[in-house]
Amino acid sequence: IEPAAKAAGVRGFLQKPLFRSTLAASLKKYLLDQDADQTEDVQKQNFDFTGKTFLLADDNELNREIALEFLHMGNIEADCAVNGREALERFLSSEPGTYDLILMDLQMPVMDGLTATVKIRESSHPQAGSIPILALTANAFEEDISRCLAAGMNGHMAKPLDIHALFQKMADFI
C-alpha cells in the first residue's frame, strides 16, 4: 500500500512493528527536516570510506537495515552479525585487514556486545588490540559509556543515530 499512499500525497510511511529509533528518526525527518540536513552535511563533508569494510553486529533487523543504508552512503561495505557470538566468530575467522571497524550493539541475544568486545580484545587475532570498536546502543547514560570503554570499545554512539556524528566518529578512527 505504500505506493498508493505516496501517490495520494502521504509524505512518509512507517511499517509495523514500530521501534523507538525508527519512530524518532521519522519524526525528525518529517517534522523537523533533520534527515535532509544531515544528508546534506554528510555530502558537504565528503565522507568517503571507499575500500573500507565494517563488521556490523545488531540483533534488530530494522536497525541493521538503517545502519547499512547509512554505511552505503559513505561507500562502506559491511558484513552483518545478528549477535555478539556471531560477530566474535566472524572477526576471529577473518584474515587480518578484512575489517576496518566494528559497529557493535550492546544488548544482543546469545552474547552481548560488551562480552564480545572483551573476547575480541583478549583473542590472538593480529588486529585484536587495534581494530576500532564502536558501540551503537540506545543506552546513553554516562555509566553505559564507561562500561563500553572499560570493555575495550573505542567509542559510543547513541541510537537513534545521527549520521553526521557517526561518520565523523568513524573518520576519527580510520
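Worth saying up front: this structure is predicted, and the values here are computed from it rather than measured.

Novice: Outline the overall build of the protein, supporting the account with residue identities and numerical values.
Specialist: The number of helices and strands found in the protein is eight helices and five strands. Ordering the α and β elements of the protein from the N terminus gives α-α-α-β-α-β-α-β-α-β-α-β-α. When the accessible surface of the protein is totalled, it reaches about 9,400 Å², and 51% of it is carbon and sulfur.

Novice: An account of the packing of helix 4 (residues 61-73) against helix 8 (residues 163-173) is requested, with residue identities and associated values reported.
Specialist: When two helices pack together, you describe them by how their axes are tilted relative to each other and by the distance separating the axes. In the contact formed by helix 4 and helix 8, the axes pass within 11 Å of each other and the chain directions differ by 60 degrees. As helix 4 packs across helix 8, the resulting crossing turns out to be right-handed. On the side of helix 4, the interface is formed by Phe70, Leu71 and Met73, while helix 8 contributes Ile163, Leu166, Phe167 and Met170. For the contact of helix 4 with helix 8, the residue count by class is seven nonpolar, no polar and no charged.

Novice: Go over the confidence of the model for the protein, please, and point to the residues and values.
Specialist: The predicted structure's coordinates, where accompanied by low pLDDT, should not be read in detail. Summarising the model, the protein shows a mean pLDDT of 84, and 82% of its residues fall at 70 or more. When mean pLDDT is compared element by element in the protein, helix 5 (residues 84-92) scores highest at 98, while helix 3 (residues 34-45) scores lowest at 47.

Novice: Which residues make up the packing of aromatic side chains, and what are the values?
Specialist: In total, this model carries two aromatic pairs according to the counting rule given. On the basis of an interplanar angle of 80 degrees and a centroid distance of 5.7 Å, the ring pair of Phe49 and Phe167 is categorised as edge-to-face. One end of the pair, Phe49, is in the loop between helix 3 and strand 1 (53-57); the other, Phe167, is in helix 8, with 118 residues separating them in the sequence. You can call Phe167 buried: its relative accessible area is 0%. Aromatic ring contacts, followed pair by pair, group Phe49, Phe54 and Phe167 into a single cluster.

Reading guide: rules and limits
Residues numbered from 1 in each chain as written. Predicted model: local features only at pLDDT ≥ 70, side-chain atom pairs only at ≥ 80, totals over all residues. Heavy atoms only, no water. Helix = DSSP H or I, 4+ residues; strand = E, 2+ residues; numbered from the N terminus. Areas by Shrake-Rupley, 256 points an atom, 1.4 Å probe, with all protein chains shown as cover. Axes fitted to C-alpha atoms, helices over the stretch in contact; angles between N-to-C directions. Left-handed = near helix turned anticlockwise from the far one by under 90°. Contact = heavy atoms within 4.5 Å. Nonpolar A, V, L, I, M, F, W, Y, C, P; charged D, E, K, R; others polar. pLDDT = per-residue confidence, 0-100. Phe/Tyr/Trp six-rings, centres within 6.5 Å; stacked < 30°, edge-to-face > 60°. Buried < 20%, exposed > 50% of the residue type's maximum accessible area, 1.4 Å probe, protein only.

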